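# Observations on the model geometry
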Amino acid sequence: MALGKKVKKKTKQLVDSKHMLTGITFASFLESTIVPVPLEAIMVPLMQARRDKLWLIALMATLGCVVGAIFGYALGYYLFDLLGQWVIDTFFSQQQFDSVKQQMQNQGFWFVMTLGIAPIPFQVAMLAAGATKFSLGLFLLATVIARAIRYFGLAAVVYFAGNKAEQLIKKYKISAIAVLTALVIGVWFAVNMLKG
């Protein structure tokens, strides 16, 4: 069975399940830790089908991601020497990770914000934040802001566009991500200019 059909089947099961909120939280946790597949494929149809729980779905997805971020941070912080290299070799390249690690040391908060919004595997940011011993509080704040923008943004599109939300998101997803990423980078640049 193709991945798209499996996702649709699981989403339909989740819509009708009494464990829907737990399921979306767990799916968000998995997406932020070990399954680098966009959660939108599940969330948007789920939000359209369960508009009565629209904002709660966005909240639970954000919480699942935050728990996943803590897990990834802890992995980088405590187990990087043991498991980190395997994760890098399996999911990324050493060059990608070294570049991210350097960015974490220079501009960690804004870098996490950017990776949390952009369609880049967030696992790299989590591992790098832990491995560089970046402030857990700042890391979590950046994660919450970035993922809340992402998930509550999806909820807002569903709220205003209804059944047309999925089509709109597919059509404008890249543009919206580019604008949001550019906005975060612009604020990041402005903050750096004010400091310097």
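Conventions and cut-offs
Residues numbered from 1 in each chain as written. Predicted model: local features only at pLDDT ≥ 70, side-chain atom pairs only at ≥ 80, totals over all residues. Heavy atoms only, no water. Axes fitted to C-alpha atoms, helices over the stretch in contact; angles between N-to-C directions. Helix = DSSP H or I, 4+ residues; strand = E, 2+ residues; numbered from the N terminus. Parallel < 35°, antiparallel > 145°, perpendicular 65-115°, else oblique. Left-handed = near helix turned anticlockwise from the far one by under 90°. Contact = heavy atoms within 4.5 Å. Core = buried A, V, L, I, M, F, W, Y, C linked by side-chain atoms within 4.5 Å. Buried < 20%, exposed > 50% of the residue type's maximum accessible area, 1.4 Å probe, protein only.

## Section: the packing of helix α3 (residues 40-49) against helix α7 (residues 136-161)
Packing of α3 against α7 brings their axes to within 10 Å, and their N-to-C directions diverge by 40°. One element, α3, and the other, α7, form an angle in the oblique class. Considering the relative orientation of α3 and α7, their crossing is right-handed. On the side of α3, the interface is formed by Glu40, Met43, Val44, Met47 and Gln48, while α7 contributes Arg150, Tyr151, Leu154, Ala155 and Val158.

## Quick look at the packing of helix α5 (residues 94-117) against α7
The geometry of α5 relative to α7 is characterised by a closest axis approach of 8 Å and an angle of 30° between their N-to-C directions. For the element pair α5 / α7, the angle class is roughly parallel. Crossing of α5 against α7: the hand is right-handed. Residues Phe109, Val112, Met113, Gly116 and Ile117 of α5 pack against Leu138, Phe139, Leu141, Ala142, Thr143, Ile145, Ala146, Arg147, Ile149 and Arg150 of α7.

## Overview of the nonpolar core
One finds Phe97, Met104, Phe122 and Phe139 to be the most contacted residues of the largest nonpolar core, which totals 30 residues. Of all the secondary structure elements, the ones that give two or more residues to this core are α4 (54-91), α5, α6 (123-131) and α7. Among the elements that line this core, the one with the most residues is α5, at 10 residues. Not counting residues up to four positions away in its chain, the partners in contact with phenylalanine 97 are Phe80, Ile88, Val124, Leu127, Ala128 and Ala131. Counting residues in hydrophobic clusters, the runner-up holds 19 residues, among them Leu54, Cys65, Ala165 and Ile169.

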